[in-house]
Amino acid sequence: MAIDRSRTAAPQGGRRAAHAGQAPSQGRARNRAQITNQLTQTLPELDVEATRAQLGQPVITFDHVTKVYPAQPNKPALSDVSLQIYAGEFLFLVGHSGSGKSTFIKLLTREIKATQGHIYVADEELSSMRNWRVPYLRRNIGCVFQDFKLLPSKTVFENVAFALEVIGKSKHVVKTQVPEVLRLVGLQEKFGKLPDQLSGGEQQRVSIARAIVNRPPLLICDEPTGNLDPQTSRGIMDLLERINRTGTTVLVATHDREMVDNMRRRVIALERGRLTRDQDRGVYGFDV
Amino acid sequence: MSSIGYFFKESLQGFARNLSTALGSIITIFLSLLIIGVFFVAGSMLNNLMRSVESEVTITAYVADDAPQEEIQKVMGDISQIGDVAEVSFTTKEQALENFSNSMTSNPEIIEQLDGTNPLPASIDIELTDPQAVQSVAETVEGNPDYVKISEDPENPGDSIKYGQGTVERLFQLTNYVRYIGIALIVLLIFIALVFINNTIRLAILARRKEIAIMRLVGASNGFIRGPFLMEGALHALIGSILAVIVIQLLRMFALPQLENAIRFLDFSIPDSTYIVIYAGLVVAGIVIGLIGSAIAMRRYLKV
């Protein structure tokens, strides 16, 4: 189970270059576009598909995945979804409630198995994966949820340390990595606080810290800003972007139209279990 | 090894958190194992008793008062040839009376009532190597034509042969019944103990559902998640079984002498090694019950 981090920088660079020509709307992007334009004067145009092929296998592949819950045999939660996610990508998973976002995430963490089709995470097929290996899959996937899922009786430090302790990391690792990751999320002052004594944004930072403390190559966030006000949400998204820049693949399932529209990252849209859109530098795209 | 310490710490915490249910399962385990233990002790006593009764099984073949000495010698020679016969001896009328009056020292008036006459017959006493063979040996003696001649009633020689017919068989039957009832009771008690441990651990799991969810989320291995609960179940069972052992030992020290005083003619002593085996068995059985009970509880709640 080694999601290769070394591939990280390359596909992203390639994708950026490839899309630089498309209507840049923001200052930063325009600036980057100018640089890329200068480059393309000397270099041939990059073909996105060719670049992907050159860069080897994607980290996550959905191959015609269908999930039918026994309770609703006529209404698949996901039907015939195929897509690929590359190392180092930052992508949004959007869709209305009941569109299959949560099913998508549960399939990735192997909480549930696909009814049909195959899911590959780092070349490993999830439905045929042995149960005892599932924990090792999850050690490579950080998860953040709308309701934070913090333990109320443990302090901020203990909550983050818990994630390392239960996978058998030594005290030494805990002592060095926990303060480091708490500094990264901006909570260096709050080590000894209990979750109840923190604001919602701070609690979400703790849960992000817990998700990334083991340095997983993939971070999945299910509605990470669902309970937070827009400004705090912005802070959380900045943090996720920073984490993405360290090479972590970040997948964010969200309802937050503004954020998706602002960030202009790859967007995967689900509608009633079907993949309706897979767009680089996309927008939220649903009517409110 | 560090996780063993963690399991222990966590299981103690779980213990403190659910004190009342924990006590419930400890008491159930304790009572079940106590009854099982008492059963085993009583069983060993009964076995011992059986063995001493068996060793006392002899055949007494009564001889007519007028039987000539040489005939008796001949019959005794024949009998000693039979397999399973250990020793053959002769009890004269005088010896029989003496034995009888010795056993009746508490009511000497019975002897006085005899007025000097001796109604007791002489007998050939046969000791056996294998008590189970008592019936076949008795039949062989009964079939011996020389014995028939000297027996008290040649028409009916079987009446002159006494070996406690039926008593031994009845004792065997009794112990078999006791054994079946015991096994059924033990199975029932183990089942009840399992259910209780199962329940306690389930409550412990429910109390820590959130923690378990997070442990699974961050990829704790199943063994690591189970550890504290298995430890907790085993701990309850261990405490329960130690209590049972202590109570049985107390019974042995204080109640058994009273019983021995009350029923003097039976021998209730069994060797210390048997007690030690029973105690060790109870503790091991308790821990196994605890582990199985909590494993069942978790199987339902910790599916991947």
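Residues numbered from 1 in each chain as written. Chains lettered and ligands numbered in written order. Predicted model: local features only at pLDDT ≥ 70, side-chain atom pairs only at ≥ 80, totals over all residues. Heavy atoms only, no water.

**Focus: the overall build of chain A**
Filter applied, for reference: The way it works is that DSSP assigns letters per residue, a run of H or I at least four long becomes a helix, a run of E at least two long becomes a strand, and they are numbered from the N terminus. Burial status follows relative accessibility: with a 1.4 Å probe on protein chains alone, a residue under 20% of its type maximum counts as buried, one over 50% as exposed, and anything between as partly exposed. Whether two residues touch is decided by their heavy atoms; if any such pair falls within 4.5 Å, the residues are in contact. Residue exposure ignores everything except the shown protein chains as possible cover, and the areas themselves are Shrake-Rupley values with a 1.4 Å probe.
When helices and strands are tallied, chain A shows ten helices and ten strands. By the burial criterion, 50% of the 288 residues in chain A qualify as buried. Restricting the contact set of chain A to residue pairs at least 6 apart, pairs at least 24 apart contribute 70%. Here chain A has roughly 13,800 Å² of accessible surface; of this, 47% comes from carbon and sulfur atoms.

**Quick word on the layout of surface pockets**
Over the atoms, a rolling probe the size of a water molecule traces out where space has been left empty. The cut-off we apply is this: Of the grid points, spaced at 1 Å and generated over the protein atoms alone, those admitting a 1.4 Å probe that cannot get out make up cavities, while open sets with protein on both sides within 12 Å along at least five of seven lines make up pockets; any residue with an atom within 4 Å of a point is treated as lining. Grid points are joined across faces, edges and corners, and a volume is the space filled by probe spheres set on the points. Gly counts as polar in this scheme, as do all residues outside two lists: the nonpolar Ala, Val, Leu, Ile, Met, Phe, Trp, Tyr, Cys and Pro, and the charged Asp, Glu, Lys and Arg.
Roughly 660 Å³ of volume is contained in the largest pocket. Ala161(A), Glu165(A), Lys171(A), Tyr6(B) and Lys9(B) are, among the 23 residues lining the largest pocket, the residues nearest its centre. Secondary structure elements with two or more residues in the lining of the largest pocket: helix H6 (156-165) and helix H7 (171-184) of chain A together with helix H1 (2-17) of chain B. Classifying every residue of the lining of the largest pocket gives seven nonpolar, six polar and ten charged.

**Side note on the interface of chain B and chain A**
Let me state the cut-off plainly: A quick way to say it: buried area is the sum, across both parts, of accessible area lost when two parts are put together, with a 1.4 Å probe. Salt bridges are defined as contacts in which a side-chain nitrogen from Lys or Arg sits within 4 Å of a carboxyl oxygen from Asp or Glu. Each polar contact in these results corresponds to two N or O atoms within 3.5 Å; when the atoms are within protein, one needs to be able to donate a hydrogen and the other to accept it, and residues that are neighboring in sequence are counted only if both atoms are side-chain atoms.
Each partner contributes residues to the interface: chain B has 14 residues there, and chain A has 20 residues. Interface of chain B and chain A: buried area, both sides summed, is about 1,500 Å²; carbon and sulfur atoms make up 67% of it. At the boundary of chain B with chain A, the tally comes to zero salt bridges. Along the contact surface separating chain B from chain A lie one residue pair in polar contact (both at pLDDT 80 or more). Within the residue set of the side of chain B that touches chain A, elements represented by two or more residues are helix H9 (209-217) and helix H10 (222-262) of chain B. Partitioned by chemical class, the residues of the side of chain B that touches chain A number eight nonpolar, three polar and three charged.

**Some remarks on a nonpolar patch on the surface**
All names here are of chain B. This is how the line gets drawn: Think of a patch as exposed residues, more than 30% relative accessible area, with no salt bridge, where like charges cluster within 9 Å and nonpolar side chains (Val, Leu, Ile, Met, Phe, Trp, Tyr) cluster within 5 Å.
Together, Ile35, Leu185, Leu188, Phe191, Ile192, Val195 and Phe196 give the surface a local cluster of nonpolar side chains, amounting to about 580 Å² of exposed area. The leading source of residues in the nonpolar patch is helix H8 (residues 167-207), at six residues. Relative to the assigned elements, Ile35 resides in helix H2 (residues 19-55). You can call Ile35 partly exposed: its relative accessible area is 37%.

**Let's talk about empty space enclosed by the protein**
On inspection of all chains with the given rule, the structure shows four cavities of 30 Å³ or more. In terms of lining residues, the largest cavity is bounded by Arg138(A), Arg139(A), Ile141(A), Gly142(A), Cys143(A), Ala163(A), Arg210(A), Ala211(A), Asn214(A), Pro216(A), Leu217(B) and Val218(B). When residues in the lining of the largest cavity are grouped by element, the largest group, three residues, is from strand S6 (residues 141-145) of chain A. When its residues are assigned to classes, the lining of the largest cavity shows seven nonpolar, two polar and three charged.

**Concerning the environment of Tyr279(B)**
Residue and element names in this part refer to chain B. Its place among the elements puts Tyr279 in helix H11 (residues 272-301). Residue classification places Tyr279 among the buried positions, given a relative accessible area of 12%. A C-alpha to C-alpha distance of 9.1 Å links Tyr279 and Gln249, two positions 30 residues apart in sequence. In this structure Tyr279 touches Val245, Ile248, Gln249 and Arg252, once residues within four positions along its chain are discounted. A polar side-chain atom of Tyr279 sits 2.6 Å from a polar atom in the side chain of Gln249.

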